[in-house]
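Structure assessment
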Amino acid sequence: MCGIVGEVGNDNAVELLIHGLKKLEYRGYDSAGIYVNDEKGKDYLIKTKGRISELEKKIGDDVHGTIGVAHTRWATHGIPSEANAHPHVSEDGRFYLVHNGVITNFKELREEYLQGVKFAGETDSEVIVQLVGHFAKEGMSTLEAFKKTISVLDDGSTYGILMIDRENPETLYIAKKKSPLLIGVCDGFNVVCSDAMAMLNVTHDFIELHDGEIVELTADEIKIQDANGQPVERKTFHVDEDASASEKGAYEHFMLKEIDEQPAVMHKLVQEYTNEDGSMKIDQDLINAIEDADRLYIVAAGTSYHAGLVGHELFEKFAKIPTEVHVASEFAYNQPLLSKKPFFIFLTQSGETADSHQVLTQVNEAGYPSLTITNVANSTLSREATYTLLLYAGPEIAVASTKAYTAQIAVEALLAKALGVDMGYQEAKDFDVRKELSIVANGMQELVDEKHDIEKLAQKYLAKARNAFYIGRAIDYDTAIEAALKLKEVSYIQTEGFAAGELKHGTIALIEEGTPVISIITDHAIASHTRSNEEEVVARGANVISIVSKDLAKDTDQIVLPTVHPLLTSLVAIIPAQLLAYYASEQRGYDVDKPRNLAKSVTVE
């Protein structure tokens, strides 16, 4: 959610930090701020409500520094405002701090330690910097005051914290718990960020931080200690990602670029997980661990949850393993009765989703095996799960997920194939996943090449719509739920995805003259039933858009899908839905890549 960057030792601190914030804009935010210090007695604090571009306008030519921190805030406690924007400052003006996460006992801490302290804003984060100031006034050193503050934050609190002491401005103080932070190792200076993408312009070598660790970072030294105060030595890891991969290029928006990249992602996954002879390149230990389970539990949130619904079909059909799909935020606090030998699969684009991490923590405590399927190597859920499979989708910048969703389904298909073949099931042996995903890639390309026809449909049916519905049955229903989420999150059209047969059990009361109903039909067994549901809504004044597989299509269907394997239809059916959402948002004049109130990486529960 919030974006955090910091650096120490670079003469161009302002330029470096602002560049880093811009690379993190995709995470979603409502205010921004920066603090820099030249280590010679001059420092500058600038904050604003709104976009980074507004922050830049407030930064004068005289603003400079060699150490600094910067932040983009997504409001949790307190309205979006300049006062609530980070960095926060201790009452005496000595300490400057940025924070990502939630301090769940901030009210109790204010009551116990900070009575009489004047707060500038309403955030839970400001409590942290005021506590450091409080403990420093009691005679503690900066490090002691920082560590004491961390020690009084309760177990439910989460944080990624960067802090500068104005009286000794050559050190960044860092703390991390359940909020991603990386140290970037540079030549003559060092950086810290919540996402490696922010600093790929200056380094590709990073050190991951673990929960409970505290760091003193200077231009030439990295001192890490664990929660017990013991020094930690950790090697760097290299990020191969090209910094230019996170640029829009000739595209107006990242979302459209990422929709267009999906065929290439399919080819990449085929290359990474299959051999030319059709055999699978998936760790046999992972295969054995899943085969040893009596039930799979897929845990995810949002779009990843919808990908899990499709995965449910794939694992049960090809590997014949009973599979359940759960919303992470519900599972964490309302755990169902588990089977005797469960295996958990976590789907997460960022690998930092707080709700999923909460469940993984419980899974690890119980000693159950787990797999994380993620787009980010070395992310928290990747490190803490027993196994990891990567999506290889490249950076996904737009808040609305597109290529990560299709990549998750493709990886699930690849894994289901490997499992089924290893277990000797004929259905899996007959499923040539290498060939089928290549067919999917070609089908995706056909659809993105026809984007301007879909743009016209969006203009005709959605540009002025107040609400809309997606309907489908079986796997098409799984697709409909994701399609509805895409439309609502970027166009703000109130959209719901429904099992087509359920319309008559209440929802059809919402259909009125001109209501857009988008129907997905890819399954021979239930195509006629969904057609009947289309007629029901047409009779009540709805405008129907039909997304239909080629072998089931009629002349009146507006969007015809290329023929693909019946269990992979979601991979092509979602493409026109993504494009409809994109164009509906663009035609309404909204910020497609950064829709209101949303964040890309949800790192608070």
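Along each chain, the written sequence defines residue order, and numbers are assigned to residues from 1. Under the rules for a predicted model, residues below a pLDDT of 70 receive no local features and side-chain atom pairs below 80 are neither given nor counted, while totals for whole chains, interfaces and linings still include all residues. With hydrogens and water excluded, all non-hydrogen atoms of the structure serve as input to the side-chain values.

1. Quick look at the pattern of salt bridges
Oppositely charged side chains can form a pair if their charged atoms are brought close together. Every case where a carboxyl oxygen of Asp or Glu lies within 4 Å of a side-chain nitrogen of Lys or Arg is listed as a salt bridge. Per the stated rule, a full pass over the model turns up 26 salt bridges. Measuring nitrogen to oxygen at the nearest pair gives 2.7 Å for the salt bridge that ties Glu261 to Lys257. Here the term buried applies to any residue with accessible area under 20% of the maximum for its type, exposed to any over 50%, and partly exposed to those in between, with areas from a 1.4 Å probe on protein chains only. Exposure remark for Lys257: the relative accessible area of 11% places this residue in the buried category. Residues Arg466 and Glu512 are paired through a salt bridge, measuring 2.9 Å at the closest nitrogen-oxygen approach. In this pair, Arg466 sits in the loop between α16 (451-461) and β21 (467-472) while Glu512 sits in the loop between β22 (494-499) and β23 (516-521), placing the two residues 46 residues apart along the sequence. Per the convention used, a helix needs a DSSP run of H or I reaching at least four residues, while a strand needs a run of E reaching at least two, with both numbered from the N terminus.

2. Here's the deal with the packing of helix α8 (residues 284-291) against helix α13 (residues 403-422)
Axis lines are fitted through C-alpha atoms, for helices just across the contact stretch, and the angle between N-to-C directions can take any value from 0 to 180 degrees. Running from amino to carboxyl end, α8 crosses α13 at an angle of 75°, the nearest separation of the two axes being 10 Å. On the basis of their axis angle, the class for α8 and α13 is roughly perpendicular. Taking contact as the criterion, the partners of Gln284, Leu286, Ile287, Asn288, Ile290 and Glu291 in α8 are, on α13, Leu415, Ala418, Leu419 and Asp422. Polar here means any residue outside two lists: the nonpolar Ala, Val, Leu, Ile, Met, Phe, Trp, Tyr, Cys and Pro, and the charged Asp, Glu, Lys and Arg; Gly therefore counts as polar. Grouping the constituent residues of the contact of α8 with α13 by class yields six nonpolar, two polar and two charged. When describing relative orientation, an angle under 35 degrees is termed roughly parallel and one over 145 degrees roughly antiparallel, while 65 to 115 degrees is termed roughly perpendicular and anything else oblique. Contact criterion: two residues are considered in contact whenever any of their non-hydrogen atoms come within 4.5 Å of each other.

3. Focus: the sheet that holds strand β18 (residues 342-348)
Paired strands, in this sense, are two strands between which DSSP finds at least two bridges. With parallel pairing, five strands are arranged side by side in an open sheet as β17-β16-β18-β19-β20. Of all the strands in the sheet, just β17 (323-327) and β20 (387-390) have a single pairing partner and so form its edges. Each adjacent strand pair in this sheet contributes to an overall mean axis angle of 20°, direction not counted. As defined by bridge partners, β18 adjoins strand β19 (residues 370-374) across five bridges and the pair is classed as parallel. Opposite Phe344, over in β19, you have Ser370 as the bridge partner. Set on the sheet, α8 makes contact with β16 (295-300), β18, β19 and β20; between it and β20 the angle comes to about 115°.

4. Some remarks on the packing of aromatic side chains
Only centres within 6.5 Å qualify two rings of Phe, Tyr or Trp (six-membered ring in Trp) as a pair; their planes then separate them into stacked at under 30 degrees, edge-to-face at over 60, and tilted for everything else. In this structure the tally under the stated criterion is 13 aromatic pairs. Ring plane angle 20° and centroid distance 6.3 Å describe the contact between Phe344 and Phe346, whose orientation is recorded as stacked. Of the aromatic side chains, those joined through ring pairs into one cluster are Tyr297, Phe331, Phe344, Phe346 and Tyr368. We count a charge as sitting over a ring when the NZ of a lysine or the CZ of an arginine lies within 6 Å of the ring centre and within 35 degrees of the ring normal. Taking NZ or CZ as reference, Lys320 lies 5.5 Å from the ring centre of Tyr425, over its face. When the ring centre of Tyr492 is taken as reference, the NZ or CZ atom of Arg596 above it lies at 3.8 Å.

5. Considerations on a negative patch on the surface
Only residues above 30% relative accessible area that lack a salt bridge enter a patch, with like-charged residues linked at up to 9 Å and the nonpolar side chains Val, Leu, Ile, Met, Phe, Trp and Tyr linked at up to 5 Å. For accessible areas, the Shrake-Rupley method is used with a probe of radius 1.4 Å. Any residue's cover is judged against the shown protein chains and nothing else. As used throughout, the charge tally considers Lys and Arg to be positive and Asp and Glu to be negative, leaving His and the chain termini uncounted. To locate a charge, take atom NZ for lysine, CZ for arginine, CG for aspartate or CD for glutamate. Together, Glu446, Asp449, Glu450 and Asp453 line one region of the surface with negative charge. Along the chain, Asp453 falls in helix α16. Under the relative-accessibility criterion, Asp453 is labelled partly exposed at 47%.

Such coordinate-based values are descriptive only and should not be taken to indicate function.
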